[in-house]
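Here is how the chains run, residue by residue.
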Amino acid sequence: MKIAYTADLHQPITPLWQIEQLVKNVSDFKPEIVILGGDIGESLQDFEKCLRLFRKSLNCPLLVIPGNHDLWVRRFNDSKKLWFEELPQITKDVGCIWLEGNSFVQDGVGITGTIGWYDYSAVDSGINHSELHFAQEKFNFNSDALLIDWEWSDPEFAMRVSTPFLGELNKLENNSAVTKILVATHFPILDEQIHRDAEKPGWSFSNAYAGNLTLGREVVKYKKLGHVISGHTHIEKKGVIERINLNPVSYQVLGADYQKPAMIGIAF
Ligand SMILES: [Fe+2]
Ligand SMILES: [Fe+2]
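Residues numbered from 1 in each chain as written. Chains lettered and ligands numbered in written order. Predicted model: local features only at pLDDT ≥ 70, side-chain atom pairs only at ≥ 80, totals over all residues. Heavy atoms only, no water.

Turning our eyes to something else, we now look at the coordination of the iron ion (ligand 1). Six octahedral donors at a metal ideally form angles of 90 or 180 degrees, and four tetrahedral donors ideally form angles of 109.5 degrees. Only Asp-8 (OD), His-10 (NE2), Asp-39 (OD) and His-234 (NE2) from the protein reach the iron ion (ligand 1) as donors, at distances of 2.0 to 2.3 Å. Note that the iron ion (ligand 1) binds four donor atoms; their angles at the metal cover 88 to 169°, and the shape is irregular. Positions of the donor residues of the iron ion (ligand 1) along the chain correspond to the pattern D-x1-H-x28-D-x194-H. For the pair the iron ion (ligand 1) and the iron ion (ligand 2), the metal-to-metal distance amounts to 3.6 Å, and Asp-39 bridges them. His-10 shares its class with Asp-8; the two are buried. (Donors = N, O, S within 2.8 Å, 3.2 Å for Na, K, Ca; no water. Tetrahedral: all angles 85-135°; square planar, octahedral: opposite > 155°, others 65-115°. Buried < 20%, exposed > 50% of the residue type's maximum accessible area, 1.4 Å probe, protein only.)

Okay, here's the thing in structure tokens:
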């Protein structure tokens, strides 16, 4: 079983010819499943254009989760509508599978995924503030503060997406046809996936908006879990987590960046 993961394609900042090249690289890997892990396009049109490029060249299932940039809005739109209606619908119209709140099983491998929205739990240890303080400071660190338009607080939205995701994970764990589970997220969910750099001013604090370790602590309890793959930070990470009395879990973060799209190929 070969699975390709890519994310952070950032349409239209990354030129289309680079995405076409990436699609070719993904195609050359001959994956049986491809996962697009969010930050695909900064408008619905860009999101769709990007999905179509993948759909045109690949015959396998294309599983899609959104990233924070996919929910950015500027005019005549709202993030809630994108989240609930427009992104899932366009994904389906293009012939891809919306993985958020959903799961997929093929040849004994169970896959589920989520945006994994941040709840401030990934902030560096030793930094303790109220949720309100993190919310107020976000403006200084992260454009989501300006460009996401909905009424939920970050911890509220994080919880709202975690619950159905964990429901899908439960289903996979209890499915006798599944022997191994792969979890794909946009935001990292494991401490090992978070880049720490105490030397850079603000970095330790801005990690509050870079992951959801509360979710990761739940995910690693699942016996069949074998892989966790994430995007968003643009900083490559790779390793294995040993678990007491359970099989080890391999984790990765995609090292893609603006104008430097990349993929991860996994072969079971
Ligand atoms: Fe990104
Ligand atoms: Fe992101």
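With that settled, consider the coordination of the iron ion (ligand 2). With distances of 2.1 to 2.2 Å, the protein atoms coordinating the iron ion (ligand 2) are Asp-39 (OD), Asn-68 (OD1), His-186 (NE2) and His-232 (ND1). Of note is the iron ion (ligand 2), whose four donor atoms meet at the metal with angles of 89 to 146° in an arrangement that counts as irregular. Counting gaps between the donor residues of the iron ion (ligand 2) yields the pattern D-x28-N-x117-H-x45-H. Assessed through its relative accessible area of 1%, Asp-39 is described here as buried.

Turning our eyes to something else, we now look at the side chain of Gln-252. When you line up the elements, Gln-252 lands in strand β10 (residues 246-253). Residue classification places Gln-252 among the buried positions, given a relative accessible area of 14%. In contact with Gln-252, other than residues within four places in its own chain, are Gln-193, Val-228, Ile-229, Ser-230, Lys-237, Lys-238, Ile-264 and Ile-266. (Helix = DSSP H or I, 4+ residues; strand = E, 2+ residues; numbered from the N terminus. Contact = heavy atoms within 4.5 Å.)

A separate point is the sheet that holds strand β1 (residues 2-6). Two orientations exist for strands paired in a sheet by backbone hydrogen bonds: parallel and antiparallel. Strands sit in the order β4-β3-β2-β1-β11 across an open sheet of five strands; the sheet is mixed. Edge positions in the open sheet fall to β4 (97-98) and β11 (263-267), since each of these has one partner strand only. Bridge analysis of β1 against strand β2 (residues 33-36) gives four bridges, and the strand direction is parallel. Within β2, the residue paired with Ile-3 across the bridge is Ile-33. Along the sheet, helix α1 (residues 16-28) makes contact with β1, β2 and β11, crossing β11 at roughly 10°. (Pairing = 2+ DSSP bridges. Axes fitted to C-alpha atoms, helices over the stretch in contact; angles between N-to-C directions.)

The first and last C-alpha atoms of helix α2 (residues 44-57) sit 21 Å apart over 14 residues, in line with the 20 Å expected at 1.5 Å per residue. Those residues of α2 that sit buried are Leu-44, Asp-46, Phe-47, Cys-50, Leu-51, Leu-53 and Phe-54. Looking at the buried residues of α2, the elements they touch are β1, α1, β2, β3 (62-64), α3 (79-94) and β4. (Expected span 1.5 Å × (residues − 1).)

Within this model, the largest pocket holds a volume of roughly 420 Å³. In terms of lining residues, the largest pocket is bounded by 19 residues, among which Phe-141, Asn-142, Ser-206, Ala-210 and His-232 are the most central. Class assignment of the residues belonging to the lining of the largest pocket gives a composition of eight nonpolar, ten polar and one charged. (1 Å grid on protein atoms, 1.4 Å probe; cavity = no way out; pocket = protein on both sides within 12 Å on 5 of 7 lines; lining within 4 Å. Points joined across faces, edges and corners; volume = space filled by probe spheres on them. Nonpolar A, V, L, I, M, F, W, Y, C, P; charged D, E, K, R; others polar.)

Read across the open sheet, the six strands follow the order β5-β6-β7-β8-β10-β9; overall the sheet is mixed. Each having just a single partner strand, β5 (103-106) and β9 (237-243) make up the two edges of the open sheet. The sheet shows a mean angle of 15° between the axes of neighbouring strands, taken without regard to direction. In the sheet, strand β8 (residues 225-230) pairs with β10 via four bridges, with the strands oriented parallel. The residue of β10 that forms the bridge with His-227 is Ser-250. Where helix α6 (residues 154-173) meets the sheet, it contacts β5, β6 (109-114) and β7 (180-185), and its direction lies at approximately 175° from that of β6.

With that settled, the discussion passes to the environment of Lys-223. Note on placement: Lys-223 falls in the loop between α8 (213-219) and β8. Sequence-wise, Lys-223 and His-195 are 28 residues apart; in three dimensions their C-alpha atoms are separated by 26 Å. Setting aside its immediate chain neighbours within four residues, Lys-223 contacts Glu-173, Arg-243, Leu-246 and Asn-247.

On to the packing of aromatic side chains, then. Going through the model one piece at a time under the given rule, you end up with 17 aromatic pairs. With a centroid separation of 5.2 Å and an interplanar angle of 40°, the aromatic rings of Phe-134 and Phe-205 are classed as tilted. Highlighted residues: Phe-134 in helix α4 (residues 131-137) and Phe-205 in helix α7 (residues 203-206), separated in sequence by 71 residues. Like Phe-205, Phe-134 is buried. With 5.1 Å between their ring centres and 55° between their planes, Trp-150 and Trp-152 make a pair best called tilted. The burial state of Trp-150 is the same as that of Trp-152; both residues are buried. Looking at Lys-2, its charged tip hangs above the ring of Phe-29, at a distance of 4.8 Å from the centre. (Phe/Tyr/Trp six-rings, centres within 6.5 Å; stacked < 30°, edge-to-face > 60°. Lys NZ or Arg CZ within 6 Å of the ring centre and 35° of its normal.)

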